[in-house]
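The primary structure of each chain is shown beneath.
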Amino acid sequence: MKSKIGYRQLPYLVATLYIAAPPTISVFFGVLGIDVPSYLLVSLISLFLVIYVCYSSGKLYTFRLSYLSLALLLFLLISFYSFSLTVDFKTSQNKIMYLSYTIFVPLFMISILFMASRHVYPNSIILTNKICFDVFRYSIAPFLIIFLIFKTGDGYGQFVLSGLDNPIWISRHLGAALLVYFSYNLAIKKKMTIFNVLVCLLILYCMILVGSRTPLIACLLASILFIVKGRGLPKSTLLLFFIFMVISFFTAISFLSNSYLFETNFYSLYQRMDLLKFSWDIPLSFSGYGIASFGRLYLGGDFNYYPHNILAEFHVEYGLMGIAIILLMISAIGKTYNKSIIGALSLYYLINAMFSGDLAGNGSLFLAVFVAFNLHLFSKKGRTVQSTGLGHG
């Protein structure tokens, strides 16, 4: 008997759409030569769902805010306050726009959907895992086809796509799909068919072809921790899992001879270590040096630049308050990474955020940890406090 998606599952559906759909939308329209803002399409779908659900239910329910919700609210308030003090800088204008686009607006949509239904009964982790798997399954299939047909070399041993011109974003999407596909079939359904193995091998091959290291390492770590810590599989299954990963890794290598993945120069690593040193040499202040301030401090002008480490970025731009925000997020991830697929994804995106991207580029981390922590809370007991009528019957 198949379970239907109800109001209580819509926040998880929308969050997964925000995480999984934009890369596929970007490359699909990219190969067609059409410039389409991928997050905008997902936001329009989310807005339609919010309007429909609010109109249908006629009520919004309030909840006791968790420490994570308060931390994310603090992140929002500090960001806009900081922007008000640096509004004349172009980089500040761009960053607040991208933060709103990839984090604040999606979180607002998801929060409204959480409030649109009563959570007096435990939320279903099983159904949420299925939703996450289905969204990624339907997202990664066209993405793989487009990648294999339309990929182009970037001149440095890596591959890019029209619509995603940075290999790291391609690899991140592939890694998230591999984590979801592999963990769901092995740990939850406990059924790795030949087809499932071939799909995982294909995704892994594409990841190695792209050449970005961190998403591959993050995928392996998050998968292992989710399967071992969360599922308690027998030793024989874990041995098969290890053998599968080793065989998969070297099978993919056999197709390649000059992948960037095996480059030993490590120039990007040395560069990022210099950025980290610069970041931590900056004295810690209470609320930081302002949104998008890292580029101004590091390059001495109104330039968009970031340390490729979420801790360092919070340290510089948000100060002690920012460090508190990210530590509370890490605490939430520690409670959820082995409880659900979306929880494992939050750990995956956290590892990636330690080595690449800026705050806006790591929007998937904020969305994943928010819904994973709510699922963790709502799966134990109801959280509804009271309802507020919307003024119609």
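Residues numbered from 1 in each chain as written. Predicted model: local features only at pLDDT ≥ 70, side-chain atom pairs only at ≥ 80, totals over all residues. Heavy atoms only, no water.

1. Observations regarding helix H7 (residues 194–210)
Over its 17 residues, H7 extends 24 Å from the first C-alpha to the last, a length consistent with the 24 Å expected when each residue adds 1.5 Å. Every buried residue belonging to H7 is among Asn196, Val199, Cys200, Ile203, Leu204, Cys206, Met207, Ile208, Leu209 and Val210, and all of these are buried. Count one or two residues on from H7 and you reach glycine 211, which has phi positive near 100 degrees. (Helix = DSSP H or I, 4+ residues; strand = E, 2+ residues; numbered from the N terminus. Expected span 1.5 Å × (residues − 1). Buried < 20%, exposed > 50% of the residue type's maximum accessible area, 1.4 Å probe, protein only.)

2. Considering the packing of aromatic side chains
On inspection of all chains with the given rule, the structure shows 21 aromatic pairs. On the basis of an interplanar angle of 85 degrees and a centroid distance of 5.2 Å, the ring pair of phenylalanine 28 and phenylalanine 29 is categorised as edge-to-face. With a relative accessible area of 42%, phenylalanine 28 lands in the partly exposed category. Overall, the relative accessible area of 23% leaves phenylalanine 29 in the partly exposed class. Ring geometry for tyrosine 348 against tyrosine 349: centres 5.1 Å apart, planes inclined by 70 degrees, an arrangement best described as edge-to-face. For the residue pair tyrosine 348 and tyrosine 349, the accessibility class agrees, reading buried in each case. One aromatic cluster is present, formed by Phe75, Phe80, Phe104, Phe314, Tyr318 and Phe366 through successive ring pairs. A cation over an aromatic ring shows up here: lysine 151 above the ring of phenylalanine 147, its NZ or CZ 6.0 Å from the ring centre. Across from the ring centre of phenylalanine 89, 4.1 Å away, lies the NZ or CZ of arginine 296, which sits over that ring. (Phe/Tyr/Trp six-rings, centres within 6.5 Å; stacked < 30°, edge-to-face > 60°. Lys NZ or Arg CZ within 6 Å of the ring centre and 35° of its normal.)

3. Some points on the state of the cysteines
For the structure on display, the rule yields zero disulfides. Unpaired in this structure, cysteine 219 has its nearest cysteine sulfur neighbour in cysteine 200, at a distance of 8.7 Å. (Disulfide = S-S within 2.5 Å.)

4. Describing the environment of threonine 152
Its place among the elements puts threonine 152 in strand S2 (residues 152–153). Measuring from C-alpha to C-alpha, the distance between threonine 152 and serine 162 comes to 8.6 Å, with ten residues separating the pair along the chain. Sequence-distant contacts of threonine 152, that is, excluding residues within four places in its chain, are made with Gln158, Phe159 and Val160. (Contact = heavy atoms within 4.5 Å.)

5. A look at the pattern of salt bridges
Oppositely charged side chains may form a pair once their charged atoms are brought near each other. Per the stated rule, a full pass over the model turns up five salt bridges. Residue lysine 130 is joined to aspartate 134 by a salt bridge in which the shortest nitrogen-to-oxygen separation is 2.6 Å. Of this pair, lysine 130 and aspartate 134 both sit in helix H5 (residues 125–150), separated by four residues, roughly a single helical turn. Judged by relative accessible area, lysine 130 falls into the partly exposed class, the value being 34%. For the salt bridge of aspartate 134 with arginine 137, the shortest nitrogen-to-oxygen distance reads 2.9 Å. Residue aspartate 134 and its partner arginine 137 are located together in helix H5, separated by three residues, close to a single helical turn. Of the residues examined, arginine 137 reaches a relative accessible area of 29% and is grouped as partly exposed. Via salt bridges that share partners, Lys95, Glu313 and Glu317 belong to a single interconnected network. (Salt bridge = Lys/Arg side-chain N within 4 Å of Asp/Glu carboxyl O.)

6. Remarks on the confidence of the model for the chain
Model confidence for the chain is summarised by a mean pLDDT of 84, while 82% of its residues fall at 70 or above. Across residues 384–393, confidence stays below pLDDT 50; counting only partners more than four residues off in sequence or on other chains, it has 28 contacts. (pLDDT = per-residue confidence, 0-100.)

7. Concerning the side chain of serine 100
Relative to the assigned elements, serine 100 resides in helix H4 (residues 90–115). Within the local environment of serine 100, its side chain forms a polar contact with the backbone oxygen of isoleucine 96, the two atoms lying 2.8 Å apart. The residues touching serine 100, leaving out its near neighbours within four places in the chain, are Phe80, Val105 and Pro106. (Polar contact = N/O pair within 3.5 Å; in protein donor to acceptor, adjacent residues only side chain to side chain.)

8. Some thoughts on the environment of histidine 173
The residue histidine 173 is located in helix H6 (residues 167–188) in this model. Its relative accessible area of 4% is what places histidine 173 among the buried residues. C-alpha of histidine 173 to C-alpha of methionine 207: the two residues are 34 residues apart in sequence and 9.3 Å apart in space. In contact with histidine 173, other than residues within four places in its own chain, are Ala20, Pro23, Thr24, Phe136, Ser139, Ile140 and Phe143.

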